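# Architecture and fold: a report
Now for the letters of each chain:
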Amino acid sequence: MNDLVVHAVDVRKRFGKLEVLKGVSLDVRRGETVCIIGPSGSGKTTFIRCVNHLEKIDSGRIEVNGHLIGYRERKGKLVEDSERSIARQRTQIGMVFQRFNLFPHKTALENVVEAPVQVLRVPREQAVADAERLLARVGLADKRDVYPGKLSGGQQQRVAIARALAMRPALMLFDEPTSALDPEVTGEVLTVMEELAREGMTMVVVTHEMGFARKAADRVVMMDEGVIIEEGPPEHFFEAPEHERTKRFLSKIL
């Protein structure tokens, strides 16, 4: 069990009468890249938002690095954890959203430096050196003093990736990180993500980019109507899917 970074068991989530997750179980091992695909409304985004407790689950359990996320056990029941404890757990989990969520009044460098200094109490000098290294890693060394408004969407998303990496997370979550981007800059973000996968970063990626899933994923997971209906290595998944729903979905997008 000790190489499990994500251990999700029978996770359920409703919004009012709509049951969005209907018992999702998924394990992700250290160094593994798992791509979650499926039609809109299948529960993909809700699931990864539950993994870092941006959404509360109704039942089931999610552990990251062996620790319950968002809850603790009391007398055999799960009770919601304190905000402070949840914030501490989230420092282990990097999240990259569809929209970049950068601070518009801070430069690329300042966006990356902010959380390590404020949350991890990293000395500013070290945080700046780390941020410069990370911006170089995502191909933006020359944009350190540029504000988000002057960056392309692809550049902003790469700053967002550098910002998430600055917290040295055990796990990176990506929620359709290229869906808001123009096709010509999508590639530059996917290249950075492929490099992270090769370097052994543990990643869960919700994506419509099948080329990326084929190339970078160790495992592809298909969700439909709030459940996982099929999973397997990309070569099996794209060449010989077993489930009719998976075949139909792939035939529309490949």
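Definitions and limits used
- Residues numbered from 1 in each chain as written.
- Predicted model: local features only at pLDDT ≥ 70, side-chain atom pairs only at ≥ 80, totals over all residues.
- Heavy atoms only, no water.
- Pairing = 2+ DSSP bridges.
- Helix = DSSP H or I, 4+ residues; strand = E, 2+ residues; numbered from the N terminus.
- Contact = heavy atoms within 4.5 Å.
- Axes fitted to C-alpha atoms, helices over the stretch in contact; angles between N-to-C directions.
- Salt bridge = Lys/Arg side-chain N within 4 Å of Asp/Glu carboxyl O.
- Buried < 20%, exposed > 50% of the residue type's maximum accessible area, 1.4 Å probe, protein only.
- Core = buried A, V, L, I, M, F, W, Y, C linked by side-chain atoms within 4.5 Å.
- Lys, Arg positive; Asp, Glu negative; His and termini not counted.

### Points about the sheet that holds strand β4 (residues 59–64)
Sheet architecture is open: four strands sit in the order β2-β1-β4-β5, paired in antiparallel fashion. Taken across any chain shown, the strands that pair with only one partner, and hence form the sheet edges, are β2 (18–29) and β5 (67–68). Sheet strands touched by helix α1 (residues 44–51): β1 (4–15), β2 and β4. Its angle to β2, the strand with the most contacts, is close to 60°.

### Some details on the pattern of salt bridges
Enumeration over the complete set of coordinates arrives at 21 salt bridges. Between lysine 215 and glutamate 194 there is a salt bridge, with its nearest N and O atoms 3.5 Å apart. Taken as a pair, lysine 215 in helix α7 (residues 210–216) and glutamate 194 in helix α6 (residues 183–198) lie far apart in primary sequence, 21 residues in all. According to the relative accessible area criterion, lysine 215 is exposed, its value standing at 63%. A relative accessible area of 14% means that glutamate 194 is categorised as buried. Linking glutamate 244 and lysine 247 is a salt bridge whose minimum nitrogen-to-oxygen distance equals 3.5 Å. Residue glutamate 244 and its partner lysine 247 are both found in helix α9 (residues 244–253); the two are separated by three residues, about one turn of the helix. Judged by relative accessible area, lysine 247 falls into the partly exposed class, the value being 36%. When salt bridges that share partners are traced, they join Asp10, Arg12 and Glu19 into one network.

### Topic: the pairing of strand β3 (residues 33–37)
In summary, the side chains of a regular strand alternate between the two faces of the sheet. Counted residue by residue, β3 has five buried out of five residues, so it is predominantly covered. Neither face of β3 is open: one carries Thr33, Cys35 and Ile37, the other Val34 and Ile36, and all of them are buried. Here β3 pairs with strand β10 (residues 203–206) via four bridges, running parallel. The residue of β10 that forms the bridge with threonine 33 is methionine 203. Alignment of β3 against strand β11 (residues 219–224), held across four bridges, turns out to be parallel. Bridging across to β11, isoleucine 37 finds its partner in methionine 222.

### Some remarks on the nonpolar core
By size, the foremost hydrophobic cluster in this structure holds 50 residues, and its most contacted members are Ile161, Met172 and Phe174. Those residues in contact with methionine 172 that lie beyond four places of it in its chain are Gly94, Val96, Ile161, Ala164, Leu165, Met201, Thr202, Met203 and Val204. Ile36, Ile57, Leu171 and Leu173 belong to the second largest nonpolar core, which has 27 residues in total.

### Thoughts on the side chain of aspartate 175
Locating aspartate 175 in the fold gives a position in strand β9 (residues 171–175). No salt bridge is formed by the buried aspartate 175. Its closest oppositely charged neighbour is arginine 49, at 5.7 Å. Ignoring anything within four residues of it in the chain, the contact list for aspartate 175 reads Thr45, Ile48, Met95, Val96, Phe97, Gln98 and Val206.

Read these as layout, nothing more, since geometry by itself doesn't imply function.
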